[in-house]
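# Secondary and tertiary structure notes
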Amino acid sequence: MNLCLVKIFTDGNGIAYGVTRLVRPRGTHKATIVWLHDIGENGDDSARFVRELNLPNIKWICPTAPRRPVSRLGGAVTTAWCDVTQVSENMEDDLASINTTCVLVTNLLGGEPAHVMKGVGGIGLGAAQGLYFASGYVAGGMGDMGLNAVVGINGWLPAWTNFLYHIDSLTVSGTLAASLPILLTNENSTVPFQFGWLSEQSLSRAGIPVTFRPNDGSKTSLCFGFSFHLTLFSETDFGVMPNICRRDPTAIGNWLKTYLQL
């Protein structure tokens, strides 16, 4: 594992980000993905996880979030991309910190070669940050970097009602949306089924092809796959296993290989 030295970056409150880890491709460099960790984790955790995906043609950039008080944890200080309350469709979003992290992701991807594909992924709060980045990208707020894929493991879409407003205002690019496949899963009760579904519906309404793996609270929920129109699909159709979740890196890797054509 190599340490990637980047310039010092601070969030909107002047809090510094931590160390960024770089996992270099073992084969030909075909894609670069910024991977964002969950609350309380760091770039080392991300680096260990993405190595399990066994994708030799991807370069992984794994930044570490600032340390900050987190309301959901009773004000305990830990690494988090933003403050977060109880996860629900009516939650208050710390958009100042979320938007600043989007600038960080843009800068990290902006230094990559033009010919390689680019993506963003994450787990938990990192997934939420990645999905928000995707919504901003198709709305024209992240520049024309050529984003090719987004992965959100156990995630949700922050400010989903604001995104629906952009869709209704016709500020979302149909071309960018149609070319940005997203994998969204909810693997446990952290993200309520209704909120996961609303997040998927918001992204799909914009024309984004979403592969949705919801958790409805049953033991078999992860065996159901929902794509763009919430129709069941099989692993034969998409080349991926039906039980995508954090505990199944092979399935996540297969999804990325399929949509990035690795």
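Computed from a predicted structure; not experimentally measured.

What counts, and at which threshold
- Here, residues in each chain are numbered from 1, in the same order as that chain's written sequence.
- Predicted model: local features are reported for residues with pLDDT of at least 70 only, side-chain atom pairs are reported and counted for 80 or more only, and whole-chain, interface and lining totals are derived from all residues.
- Processing note: side-chain calculations cover all non-hydrogen atoms of the structure and skip hydrogens and water entirely.
- Secondary structure elements are taken from DSSP: a helix is a run of H or I of four residues or more, a strand is a run of E of two residues or more, and numbering for both begins at the N terminus.
- Note on contacts: a residue pair qualifies if any of its non-hydrogen atoms lie within 4.5 Å across the two residues.
- Shrake-Rupley sampling with a 1.4 Å probe provides the accessible areas, and residues are treated as covered by the protein chains on show and by no other component.
- We call Phe, Tyr and Trp rings a pair once their centres come within 6.5 Å, taking the six-membered ring for Trp, and we label the pair stacked below 30 degrees between planes, edge-to-face above 60, and tilted otherwise.
- Any residue under 20% of the maximum accessible area for its type is buried, any over 50% is exposed, and the rest in between are partly exposed; the area is computed with a 1.4 Å probe on protein chains only.
- Side-chain atoms within 4.5 Å are what join buried Ala, Val, Leu, Ile, Met, Phe, Trp, Tyr and Cys residues into a set we call a nonpolar core.
- We define a salt bridge as a contact between a side-chain nitrogen of Lys or Arg and a carboxyl oxygen of Asp or Glu at a distance within 4 Å.
- A fitted line through C-alpha atoms serves as each axis, taken over the contacting stretch for helices, and the angle formed by two N-to-C directions is quoted from 0 to 180°.
- Small angles under 35 degrees read as roughly parallel and large ones over 145 as roughly antiparallel, with 65 to 115 read as roughly perpendicular and the rest as oblique.
- In this count, Pro and Cys sit with the nonpolar residues alongside Ala, Val, Leu, Ile, Met, Phe, Trp and Tyr, while Asp, Glu, Lys and Arg are called charged and the others, Gly among them, polar.
- Each helix crossing is assigned a hand: it is left-handed if the near helix lies turned anticlockwise from the far helix by less than a right angle, otherwise right-handed if that turn is clockwise.
- For two strands to pair, DSSP has to find at least two bridges joining them.
- Confidence scores labelled pLDDT are given residue by residue by the predictor and lie between 0 and 100.

## Focus on the overall build of the protein
- Per the secondary structure count, the protein includes 8 helices and 10 strands.
- Sequence separation of 24 or more characterises 69% of the internal contacts of the protein that already satisfy a separation of 6 or more.
- When the accessible surface of the protein is summed, it comes to about 11100 Å², and 52% of that surface belongs to carbon and sulfur atoms.

## A look at the packing of aromatic side chains
- Summed over all chains, the structure comprises 4 aromatic pairs.
- Look at Tyr17 and Trp81: their rings are 6.1 Å apart centre to centre, the planes differ by 35°, and that puts the pair in the tilted class. You can see Tyr17 sitting in the loop between β1 (2-4) and β2 (20-23) and its partner Trp81 sitting in the loop between β6 (76-79) and α2 (95-110), a full 64 residues away along the chain.
- Given the relative accessible area of 0%, Trp81 is considered buried.

## A short note on the nonpolar core
- Counting 53 residues, the largest nonpolar core has Leu147 and Trp156 as its most contacted members.
- The element contributing the most residues to this core is helix α3 (residues 125-138), with 8 residues.
- If we ignore the near neighbours within four places in the chain, the residues touching Trp156 are Val84, Val87, Met91, Gly124, Leu125, Ala127, Ala128, Leu131, Leu184, Val191, Phe195 and Ser199.
- By size, the runner-up hydrophobic cluster in this structure holds 21 residues, among which are Ile33, Trp35, Leu183 and Leu260.

## Quick notes on the pattern of salt bridges
- Evaluation of the coordinates by the stated rule reveals 3 salt bridges.
- For Asp45, the salt bridge identified is with Arg48, shortest N-O distance 2.6 Å. Note that Asp45 and Arg48 are positioned in helix α1 (residues 43-52) at a spacing of 3 residues, about one turn of the helix.
- Ionic pairing is found between Lys59 and Glu112, a salt bridge with its closest N-O pair at 2.9 Å. Pair noted here: Lys59 is in strand β4 (residues 58-62) and Glu112 is in the loop between α2 and β7 (117-123), with a separation of 53 residues, a long-range link. Of the two residues, Lys59 and Glu112, neither departs from the other in class, the shared state being buried.

## Some words on the packing of α2 against α3
- Packing of α2 against α3 leaves a shortest axis separation of 10 Å and a crossing angle of 75°. Taken together, the axis directions place α2 and α3 in an arrangement best described as roughly perpendicular. In contact with Leu95, Ile98, Asn99, Thr101, Cys102, Val105 and Thr106 of α2, α3 contributes Gln129, Tyr132 and Phe133.
- For the contact of α2 with α3, a count of residues per class yields 6 nonpolar, 4 polar and no charged.

## Thoughts on the packing of helix α4 (residues 160-168) against helix α6 (residues 193-205)
- Across the interface, α4 lies against α6 with an axial gap of 10 Å and an inter-helix angle of 20°. Taken together, α4 and α6 sit at an angle that is classed as roughly parallel. Both α4 and α6 take part in a crossing whose hand is left-handed. Taken together, the residues of α6 that come into contact with α4 (itself represented by Trp160, Phe163, Leu164, Ile167 and Asp168) are Phe195, Leu198, Ser202, Leu203 and Arg205.
- Within the contact of α4 with α6, the residues separate by chemical class into 7 nonpolar, 1 polar and 2 charged.

## Section: unusual backbone geometry
- One non-glycine residue, Asn54, lies in the positive phi region at around 55°.
- Within the element layout of this structure, Asn54 appears in the loop between α1 and β4.
- Assessed through its relative accessible area of 49%, Asn54 is described here as partly exposed.
- In this structure, Gln261 is a non-glycine residue whose phi angle is positive, near 55°.

## Quick word on the pairing of strand β8 (residues 147-153)
- A large share of β8 lies buried, amounting to 6 of its 7 residues.
- When β7 meets β8, the two strands line up parallel, connected through 6 bridges. Looking at β8, one finds that Gly122 is bridged to Gly152.
- As defined by bridge partners, β8 adjoins strand β9 (residues 182-185) across 4 bridges and the pair is classed as parallel.

## Comments concerning the side chain of Ser46
- Along the chain, Ser46 turns up in helix α1.
- For Ser46, a relative accessible area of 2% corresponds to the buried category.
- If we skip the residues at most four places from it in the chain, Ser46 touches Trp35, Leu36, His37 and Cys62.

## What about the confidence of the model for the protein?
- When pLDDT is averaged across the protein, the result is 82; 81% of the residues are at 70 or more.
- Across the protein, the secondary-structure element scoring lowest on mean pLDDT is helix α7 (residues 235-238), at 31, and the one scoring highest is strand β3 (residues 31-36), at 97.
- Counting contacts from residues 216-245, a segment whose pLDDT is below 50, to residues more than four positions away or on other chains yields 75 contacts.

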